[in-house]
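Each chain is listed here by its residues.
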Amino acid sequence: MTRRLAQVAKKVGVSEATVSRVLNGKPGVSEATRQSVLTALDVLGYERPTQLRGERARLVGLVLPELQNPIFPAFAEVIGGALAQQGLTPVLCTQTKGGVAEADYVDLLLQQQVSGVVFAGGLFAQADAPHEHYHLLAERKVPVVLVNASIEGLDFPCVACDDAVAVEQAWRHLASLGHERIGLVVGPADHVPSRRKLDAARVAAKTMGTELPDEFVQRSIFSLEGGQAATARLLEQGVTGIVCGSDPLALGAIRAARRRGLSVPADVSVVGFDDSAFMTCTEPPLSTVRQPIEAMGRAAVDLLCAQIQGTHPHPGELLFEPELVVRGSTAPPPVR
């Protein structure tokens with residue numbers, strides 16, 4: 001017990017006597033200090049005293065689907081910083097292949113009695129994935145915010161980039177350069193943002209007086225290798241412009257073109273999505289559609305805090321406007 005008091009006191013920067021008063025429910029401690037002591041208990045892995053277990057910790061789960069795509073660490077940085085400004089401590093939960101599953105992370109977070117959970121991408125965007133753990137969070141009345149488009153039936157606040165506008169911007173850009181054979185590389189068929197991008201691409205093609213043939217649409221896992229394989233199939237169809245559902249997919253598209261002896265952008269133009277870190281450092285620098293991650297991340301935390309404080313969050317989905325960033329991977333198509 002003495003060791004625990006010392007560790008918590010050191011973590012918070014208060015005396016052991018202050019920690020003892022908090023743990024025993026005695027007066028004479030400010031609310032801010034009391035919350036800091038309770039958060040320190042949670043972070044250090046100590047159980048709260050029985051009389052305090054009914055209170056939720058000042059911890060917030062931040063669940064990410066991966067860290068290989070630079071957009072997710074960027075979201076984590078923004079959301080984590082915004083949570084800290086609200087006196088909340090993020091608990092980073094990252095999924096890896098063969099590692100802890102999303103549902104297992106939810107169980108762990110519930111055991112820690114977190115104040116809420118932010119999912120920055122995840123199974124909620126996949127129609128065919130298991131969703132029982134989301135329903136469990138709803139039953140427990142744990143505040144939740146989703147970042148990215150969600151399947152129907154999950155009644156959580158959501159912030160997302162407008163996929164339709166993103167594809168329209170990319171499509172119009174390629175069309176304005178003179179491209180007529182434009183292909184699309186997106187994620188799996190049950191992935192909601194990919195569905196939205198495909199629907200928008202069909203509308204954009206029709207608006208420009210053409211149709212989007214099925215063979216000009218390729219689905220892939222979200223990785224550089226997946227983008228490379230999907231683009232190889234598109235190049236066999238003779239496309240000259242490619243719109244991709246993520247920056248790693250776009251980098252895979254550039255690699256596929258080079259493997260066929262083609263030049264980007266002289267022979268093939270490529271547009272990514274996200275404008276994640278280092279896209280200015282690729283060769284050529286990647287033209288892409290930028291997600292406003294700063295605004296989206298802060299909005300997600302605002303929505304979460306509104307739920308924690310008991311006020312009603314904005315209903316439904318908040319859509320954020322993307323921005324086309326033109327760099328060196330797009331140019332007029334080659335003259336045939």
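The structure contained in this document is the topic of the report that follows. Computed from a prediction, not measured in an experiment: that's the story for all the values here. (Residues numbered from 1 in each chain as written. Predicted model: local features only at pLDDT ≥ 70, side-chain atom pairs only at ≥ 80, totals over all residues. Heavy atoms only, no water.)

1. Notes on the sheet that holds strand 10 (residues 287-290)
- The mixed open sheet is built from 6 strands, whose spatial order is 7-6-8-9-10-12. Lying at the two open borders of the sheet, with one neighbouring strand each, are strand 7 (217-219) and strand 12 (323-325). Each neighbouring strand pair of the sheet contributes to a mean axis angle of 20°, computed without reference to strand direction.
- With 4 bridges connecting them, strand 6 (residues 182-186) and strand 8 (residues 241-244) associate as parallel partners. When the bridges of strand 8 are listed, glycine 183 appears paired with isoleucine 242.
- Strand contacts of helix 8 (residues 192-207): strand 6, strand 7 and strand 9 (269-274), with the helix running at about 170° to strand 6, the strand carrying the most contacts.
- Contacts between helix 10 (residues 247-259) and the sheet are confined to strand 6, strand 8, strand 9 and strand 10, with strand 9 contributing the most and set at about 160° to the helix. (Pairing = 2+ DSSP bridges. Helix = DSSP H or I, 4+ residues; strand = E, 2+ residues; numbered from the N terminus. Axes fitted to C-alpha atoms, helices over the stretch in contact; angles between N-to-C directions. Contact = heavy atoms within 4.5 Å.)

2. Remarks on the pattern of salt bridges
- Applying the stated criterion across every chain yields a total of 9 salt bridges.
- Across the pair arginine 202 and aspartate 214 runs a salt bridge, and its minimum N-O distance is 3.9 Å. Of the two residues, arginine 202 is situated in helix 8 and aspartate 214 in the loop between helix 8 and strand 7; the sequence distance between them amounts to 12 residues.
- Across the salt bridge formed by aspartate 275 and arginine 327, the nearest N and O atoms sit 3.0 Å from each other. With aspartate 275 in the loop between strand 9 and strand 10 and arginine 327 in the segment after strand 12, this pair connects stretches of sequence that are 52 residues apart. Considered together, aspartate 275 and arginine 327 belong to a single accessibility category, that of buried residues. (Salt bridge = Lys/Arg side-chain N within 4 Å of Asp/Glu carboxyl O. Buried < 20%, exposed > 50% of the residue type's maximum accessible area, 1.4 Å probe, protein only.)

3. Regarding the side chain of threonine 231
- Here threonine 231 lies in helix 9 (residues 224-236).
- Separated by 2.8 Å, the side chain of threonine 231 and the backbone oxygen of glycine 227 make a polar contact.
- The residues touching threonine 231, leaving out its near neighbours within four places in the chain, are Val185, Ile242, Ala253 and Ala256. (Polar contact = N/O pair within 3.5 Å; in protein donor to acceptor, adjacent residues only side chain to side chain.)

4. A word on the packing of helix 7 (residues 163-176) against helix 8
- Contact geometry of helix 7 with helix 8 gives a least axis separation of 8 Å together with a crossing angle of 40°. The orientation of helix 7 relative to helix 8 falls into the category oblique. Seen from above, helix 7 lies across helix 8 with right-handed handedness. Contact residues: helix 7 offers Asp163, Ala164, Val167, Trp171 and Arg172, while helix 8 offers Pro193, Arg196, Lys197, Ala200, Ala201, Ala204, Ala205 and Thr207.
- The residue inventory of the contact of helix 7 with helix 8, partitioned by class, reads 8 nonpolar, 1 polar and 4 charged. (Parallel < 35°, antiparallel > 145°, perpendicular 65-115°, else oblique. Left-handed = near helix turned anticlockwise from the far one by under 90°. Nonpolar A, V, L, I, M, F, W, Y, C, P; charged D, E, K, R; others polar.)

5. A short note on the sheet that holds strand 5 (residues 158-161)
- Spatially, 2-1-3-4-5-11 is the arrangement adopted by the 6 strands of the open sheet, whose pairing is parallel. Looking at the sheet topology across the chains shown, the edges are occupied by strand 2 (89-94) and strand 11 (317-320). Here the average twist between neighbouring strands, direction ignored, is 15°.
- As defined by bridge partners, strand 1 (residues 59-64) adjoins strand 2 across 6 bridges and the pair is classed as parallel. Residue valine 60 lies in a different strand from strand 2, and its bridge partner there is proline 90.

6. Looking at the packing of helix 1 (residues 2-12) against helix 3 (residues 31-44)
- For the pair helix 1 and helix 3, interaxial distance at closest approach is 9 Å and the crossing angle is 115°. Relative to helix 3, the crossing made by helix 1 is right-handed. Of the residues in helix 3, those in contact with Arg4, Gln7, Val8, Lys11 and Val12 of helix 1 are Ser36, Val37, Ala40, Leu41, Val43 and Leu44.
- Split by residue class, the contact of helix 1 with helix 3 holds 7 nonpolar, 2 polar and 2 charged.

7. A look at helix 2 (residues 16-23)
- Inspection of helix 2 places Thr18, Val19, Val22 and Leu23 among the buried residues, and these make up the whole buried set. Buried residues in helix 2, looked at end-on, bunch into an arc of 135°, giving them a common side.
- In this fold, the buried residues of helix 2 make contact with helix 1 and helix 3.
- The positive-phi residue at the C-terminal boundary of helix 2 is glycine 25, with phi of around 70°. (Arc of directions from axis to C-beta.)

8. A look at the environment of glutamate 31
- With respect to the helices and strands, glutamate 31 occurs in helix 3.
- A polar atom in the side chain of glutamate 31 sits 2.8 Å from the side chain of glutamine 35.

9. Examining the pairing of strand 3 (residues 116-120)
- Burial of strand 3 is extensive: 5 of the 5 residues sit out of reach of the surface.
- What you see with strand 3 is no split at all: Gly116, Val118 and Ala120 on one side and Val117 and Phe119 on the other are buried throughout.
- Alignment of strand 1 against strand 3, held across 4 bridges, turns out to be parallel. Bridge pairing in strand 3 places valine 63 opposite phenylalanine 119.
- Looking at chain direction, strand 3 and strand 4 (residues 144-147) are connected through 4 bridges and run parallel. Residue pairing across strands places alanine 120 opposite valine 147, the latter belonging to strand 4.
- Remark: the strand 3/helix 6 (residues 132-139)/strand 4 crossover connection has right-handed handedness. (Right-handed = clockwise from strand over helix to strand, strands pointing away.)

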